[in-house]
Every structure is written in C-alpha cells, then in structure tokens.
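Listed below, chain by chain, are the residues.
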Amino acid sequence: MTRDVLGWLLDSDPAVRWQVLRDLTGAGADEVTAERNRVASHGWGARLLALQEPGGQWDGGTYWPAQDDDPTGQPWTATTYSLLLLRDFGLIPQSPQARQAIALVRESSRWEEGNQPFFAGEVEPCINGMTVALGAYFGENVDSVVERLVGEQLPDGGWNCEAERGSALSSFHTTICVLEGLLEYEQAGNGTTESGTARQRGEEYLLERRLLRRKSTGELISEDWLRFSYPTRWFYDVLRGLDYFRATGAPPDGRLAEAAELVRSKQHRDGTWLLENTHPGKVHFDLEAGDGKPSRWNTLRSLRVLKWYESSTGR
C-alpha cells in the first residue's frame, strides 16, 4: 500500500477513517475509539441518524419505503437498510444516538410481511440474517430469529429465501446474509452450540465452492460476483465473502486462494480498487463517486482482506 492511498483513505468520513486506523495503520485503541465516536455526530452517520422519522422509521417503512416509486431498482431507504449502513459505519451501539434510534425501532417498526415487531424477524432467511446481525450488534434479543434460521438450514449447508417456494438448493446471496448474522450473534456472546454448528456448515458450503464456483463442475457461477459493490445490500460478491471470513478471526482456509488472488488482481496501479457494481435503487445519499471510480470502501475492504490473508499464508 502506498503512502498516498493511506492518506486518501484517511481523508474521508469518520465511518471509513476509524476502520482504516484500526485495520491498516496499527493506531492505538484510544485513537481508534475517538474517531469512531465521531460517527454519531459527524458525516454520514450523523446525516443518516437525522433522517429517522419521529415514528421510528426511515422513509416510512421497515423493509420497503412508504412510497416505492423508484423505477430503477429496489429502494434502499427504509429502516432495514438504513440500520445496516449504521452498522457498517460502526455507530457505537452504546452511544446515546444509537440507543435512541434503536428504541424507536423496537417500539414502532413492524414488518410489512406480517406486522411483527422488527427484532422478532420476518419469514425470509436473508432478511432474518440481517435482523440477527442488527439485533446482535445493537444489543437486542434475536434468539427466536436465530432458532428459526438454524431450523431452516438446507441439506447442502446454506440457506435460500426461495425454500418456502420449493427450492432445495442454497443461495450464496441468502447464505452470506445469514452467516454475517450468526457471526455477529456469536461475537456478541450469544452463540449456542446449534448456531455455531450451523455457521460452520454454512461456511463449508461457501468453501466447497471456493466462494465462486459450482461444486459439481467447477465452473464460475456468476460474473457479477467478480465485480465488487458497496453497499452490498443483500447481494453476494467475492469480496464480501472474503471479508466475512476475515471477520471470523480464523486463519484463512486454503480454498480461499483463488478468491484472494482475484482481489489482488483488481488493484489498480495507483493502489486503489474501483466501485464496480452499484445495485440500483433510491438511496438517502451517495457514499462513493460512482461505478468505474476509485472506491474508498472497496479499497479499505480489499486491503484488510489481503492483509489478513497474506499475514497467515505469506502469499
């Protein structure tokens, strides 16, 4: 990593800066915490918190905005995806701003699918994976949602939102959402033997396919997975898969080698990675300059994935 890239990353929003300090510079805990504290009161974090409505929702809905009139794609402005961004930003769960926001969600936000309270979850595993990640991160009880997810794991080891409509094979998109939720749940100190076993089986589902290939034939599953997005929303890509495994804290499995090489190969001469695959739909505000432009989020995530991978493998 060049000195210029590090400076470029640090010349950014607190949501990016504190993670760069923690993951790439070796800064002390006090410096990292001080920068992370700014997420609630400066930049993107403060801006997003200010958009929460008095009734507890963002844009009038839990998963879908009150007015879904965006012809370009799925809208990303309702409560679920707003909270996922705040989690990505690193909003400190114990901060007064987070506690106020989460209390409003807990009291008022109900799923469009069945009018359940937010932290009781929904019916689709991908959405429930997000719910578990958010509940565990912000200190809410999501035990019943985890139990449901454990019971819905498919024989091949993953999950699929289409299972209730007859699908017997797992989806990478759904599986990564569930795995991220189960990992957050365990890291919050709530894991059970059952949730840990389910997470390990889900990891094996991805690893058997080397994060990108069919188990049966070895062929590439989707070209889209080779193009990195941020925010990832509910979509899988190889960088998201690798960043999940990094977040587990375990040494990299040998079956991640091809995926890691793909990430390495996409670094540009100036040391950055591009934003390549923005998922269309209405947003509160832009976090990047657009597809085809250098992306601070993808550069941060790629550098920390490679740092983790190379520190263990020497490659």
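Residues numbered from 1 in each chain as written. Predicted model: local features only at pLDDT ≥ 70, side-chain atom pairs only at ≥ 80, totals over all residues. Heavy atoms only, no water.

A. Summary view of the packing of aromatic side chains. Following the criterion strictly, the structure yields 17 aromatic pairs and no others. Seen from their ring centres, Tyr 244 and Phe 245 are 5.1 Å apart, and the 80 degrees between their planes marks the pair as edge-to-face. Cluster of aromatic residues (ring-pair linked, three or more members): Tyr 63, Trp 64, Trp 76, Tyr 81, Trp 234 and Phe 235. Positioned above the aromatic ring of Trp 18, the side-chain terminus of Arg 36 is 4.4 Å from the ring centre. When the ring centre of Phe 228 is taken as reference, the NZ or CZ atom of Lys 266 above it lies at 5.3 Å. (Phe/Tyr/Trp six-rings, centres within 6.5 Å; stacked < 30°, edge-to-face > 60°. Lys NZ or Arg CZ within 6 Å of the ring centre and 35° of its normal.)

B. Structural view of the nonpolar core. In terms of nonpolar packing, the biggest core is built from 85 residues, with Leu 86, Phe 89, Val 238, Leu 242 and Trp 297 touching the most fellow members. Sequence-distant contacts of Leu 242, defined by excluding residues within four places in its chain, comprise Leu 211, Leu 256, Ala 259, Ala 260, Val 263, Val 305 and Trp 308. (Core = buried A, V, L, I, M, F, W, Y, C linked by side-chain atoms within 4.5 Å. Buried < 20%, exposed > 50% of the residue type's maximum accessible area, 1.4 Å probe, protein only. Contact = heavy atoms within 4.5 Å.)

C. Structural context of the packing of helix α4 (residues 43-50) against helix α5 (residues 79-89). Following both chains from N to C, one finds α4 and α5 inclined at 155 degrees, their axes separated by 10 Å at the closest point. For the element pair α4 / α5, the angle class is roughly antiparallel. Seen from above, α4 lies across α5 with left-handed handedness. Contacts from Trp 44, Gly 45, Leu 48 and Leu 49 of α4 reach α5 at Ser 82, Leu 85, Leu 86 and Phe 89. When grouped by side-chain class, the residues that make up the contact of α4 with α5 number six nonpolar, two polar and no charged. (Axes fitted to C-alpha atoms, helices over the stretch in contact; angles between N-to-C directions. Helix = DSSP H or I, 4+ residues; strand = E, 2+ residues; numbered from the N terminus. Parallel < 35°, antiparallel > 145°, perpendicular 65-115°, else oblique. Left-handed = near helix turned anticlockwise from the far one by under 90°. Nonpolar A, V, L, I, M, F, W, Y, C, P; charged D, E, K, R; others polar.)

D. Up close: unusual backbone geometry. Look at the link from Tyr 230 to Pro 231: it is a cis peptide, with omega at -5 degrees. Here Pro 231 shows up in the loop between α10 (193-208) and α11 (238-248). A positive phi angle, near 65 degrees, is found at Asn 115, a position not held by glycine. If you trace the backbone, Asn 115 turns up in the loop between α6 (96-108) and α7 (125-138). In this structure, Arg 233 is a non-glycine residue whose phi angle is positive, near 60 degrees. Positionally, Arg 233 belongs in the loop between α10 and α11.

E. Spotlight on the layout of surface pockets. Considered as a void within the structure, the largest pocket measures approximately 830 Å³ in volume. Taken together, 32 residues line the largest pocket, and the ones lying closest to its centre are Arg 87, Asp 88, Glu 184, Asp 243 and Arg 304. Counting only elements with at least two residues in the lining of the largest pocket, the list comes to α2 (14-25), α5, α7, α9 (172-187), α11 and α13 (296-313). It is α9 that provides the largest number of residues to the lining of the largest pocket, a total of six residues. (1 Å grid on protein atoms, 1.4 Å probe; cavity = no way out; pocket = protein on both sides within 12 Å on 5 of 7 lines; lining within 4 Å. Points joined across faces, edges and corners; volume = space filled by probe spheres on them.)

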